[in-house]
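Architecture and fold: a report
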Amino acid sequence: QQQVKQSPQSLIVQKGGISIINCAYENTAFDYFPWYQQFPGKGPALLIAIRPDVSEKKEGRFTISFNKSAKQFSLHIMDSQPGDSATYFCAAGLRSNTGKLIFGQGTTLQVKP
Amino acid sequence: DTAVSQTPKYLVTQMGNDKSIKCEQNLGHDTMYWYKQDSKKFLKIMFSYNNKELIINETVPNRFSPKSPDKAHLNLHINSLELGDSAVYFCASKSSGGVSYEQYFGPGTRLTVT
């Protein structure tokens, strides 16, 4: 019940295209849904996050779409650039001050020039 | 200025040895975490401390023992290392104040057990 399922495992997009990564969760207690970006040899870094009381959040070229009834959320990267090539992780946080995050399996994105 | 730092960055050791990884954060956070990232890049939480108190202790072999001497430091000691312990270990921190759940990750320690 604490799993977060992420797809696809890998994604290849042409420069300028739209990258879409999907995640699904089961535990309705989750109240925080971040996306982390990880470059090779680096630690994950927060990219964008959303709370379940909104259906969409946009920051620059990155947008989270959230569907509470379906228990799904997705990351859209508009005008994808080669510099966006990285591994992306969705996560879900529990309602407690531990801040525990359950991560999805990760998606390796390659943006071709 | 490094926000979350880990030492060492690389650790190569033989099976059966005991090793430690150190983590320090200068963000003033009071909650720190250890994660394990396996060869498939799956990130799994291991432990968490809040103000030196253990608050998350996932199903981890008891060969792994975290220690937090103060809220800015969280160390991970591993006894009797096994091949399956090879992974990248990340330290992270967050503030327990407010509603921010953002965790700041360190650069990772790549542990290779031979």
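Residues numbered from 1 in each chain as written. Chains lettered and ligands numbered in written order. Predicted model: local features only at pLDDT ≥ 70, side-chain atom pairs only at ≥ 80, totals over all residues. Heavy atoms only, no water.

What follows deals with the overall build of chain B. When helices and strands are counted, chain B shows zero helices and 11 strands. A globule of 114 residues ought to have a C-alpha radius of gyration of about 13 Å, and chain B, at 13 Å, matches this closely. With the principal axes as the frame, chain B shows a C-alpha extent of 45 × 30 × 25 Å. Here chain B, with 114 residues, has 43% of them falling under the buried criterion. Within chain B, residue pairs in contact and separated by at least 24 positions form 54% of the contacts whose partners lie at least 6 positions apart. When the accessible surface of chain B is summed, it comes to about 5,700 Å², and 49% of that surface belongs to carbon and sulfur atoms. In chain B, 13 side chains carry a positive charge and 11 a negative one; their mean positions are 5 Å apart. (Helix = DSSP H or I, 4+ residues; strand = E, 2+ residues; numbered from the N terminus. Rg over C-alpha atoms; globule rule 2.2 N^0.38 Å. Buried < 20%, exposed > 50% of the residue type's maximum accessible area, 1.4 Å probe, protein only. Contact = heavy atoms within 4.5 Å. Areas by Shrake-Rupley, 256 points an atom, 1.4 Å probe, with all protein chains shown as cover. Lys, Arg positive; Asp, Glu negative; His and termini not counted. Charge placed at Lys NZ, Arg CZ, Asp CG, Glu CD.)

The next thing to look at is the interface of chain A and chain B. Chain A puts 24 residues into the contact, and the matching count from chain B is 23 residues. Interface area, chain A with chain B, both sides summed: about 1,800 Å², of which 56% is carbon and sulfur. For chain A, the biggest contributors to the area lost against chain B are Thr98, Lys100 and Phe103 of chain A; these three give 26% of the whole. Across the chain A-chain B interface, the total number found is one salt bridge. Put simply, Glu58 of chain B and Lys100 of chain A hold a salt bridge, and the shortest N to O gap is 2.7 Å. Counting across the chain A and chain B interface gives six residue pairs in polar contact (both at pLDDT 80 or more). Elements represented by at least two residues in the side of chain A that touches chain B include exactly β4 (33-38), β9 (86-93) and β10 (101-103) of chain A. Looking at the side of chain A that touches chain B, its residues break down into eight nonpolar, 11 polar and five charged. (Buried area = accessible area lost by both parts, 1.4 Å probe. Salt bridge = Lys/Arg side-chain N within 4 Å of Asp/Glu carboxyl O. Polar contact = N/O pair within 3.5 Å; in protein donor to acceptor, adjacent residues only side chain to side chain. Nonpolar A, V, L, I, M, F, W, Y, C, P; charged D, E, K, R; others polar.)

Glancing now at the sheet that holds strand β7 (residues 62-67) of chain A. Residues and elements named next belong to chain A. The strand order across the open sheet formed by five strands is β1-β3-β8-β7-β6, and the pairing between neighbours is antiparallel. Strands with a single pairing partner mark the edges of an open sheet, and in this sheet they are β1 (4-7) and β6 (56-59). Neighbour-to-neighbour, the strand axes of this sheet turn through a mean angle of 15 degrees, independent of strand direction. The sheet contact formed by β7 and strand β8 (residues 72-77) spans six bridges and is antiparallel. Paired with Phe66 across the bridge in β8 is Phe73. (Pairing = 2+ DSSP bridges. Axes fitted to C-alpha atoms, helices over the stretch in contact; angles between N-to-C directions.)

Residue and element names in this part refer to chain A. Counted according to the given criterion, the structure contains two disulfides over all chains. Note on cysteine connectivity: Cys23 is disulfide-linked to Cys90, with sulfurs 1.8 Å apart. Between Cys23 and Cys90, the S-S dihedral sits near -95 degrees, and the bridge is therefore left-handed. Note that Cys23 is positioned in strand β3 (residues 19-25) and Cys90 in strand β9, a separation of 67 residues in sequence. (Disulfide = S-S within 2.5 Å.)

Let's shift gears to a nonpolar patch on the surface. Residue and element names in this part refer to chain A. On the surface, a nonpolar cluster with roughly 240 Å² of combined accessible area is contributed by Ile18, Ile20 and Met78. Within the secondary structure, Met78 sits in the loop between β8 and β9. Classification of Met78 as partly exposed rests on a relative accessible area of 35%. (Patch = residues over 30% accessible without salt bridge, like charges linked within 9 Å, V, L, I, M, F, W, Y side chains within 5 Å.)

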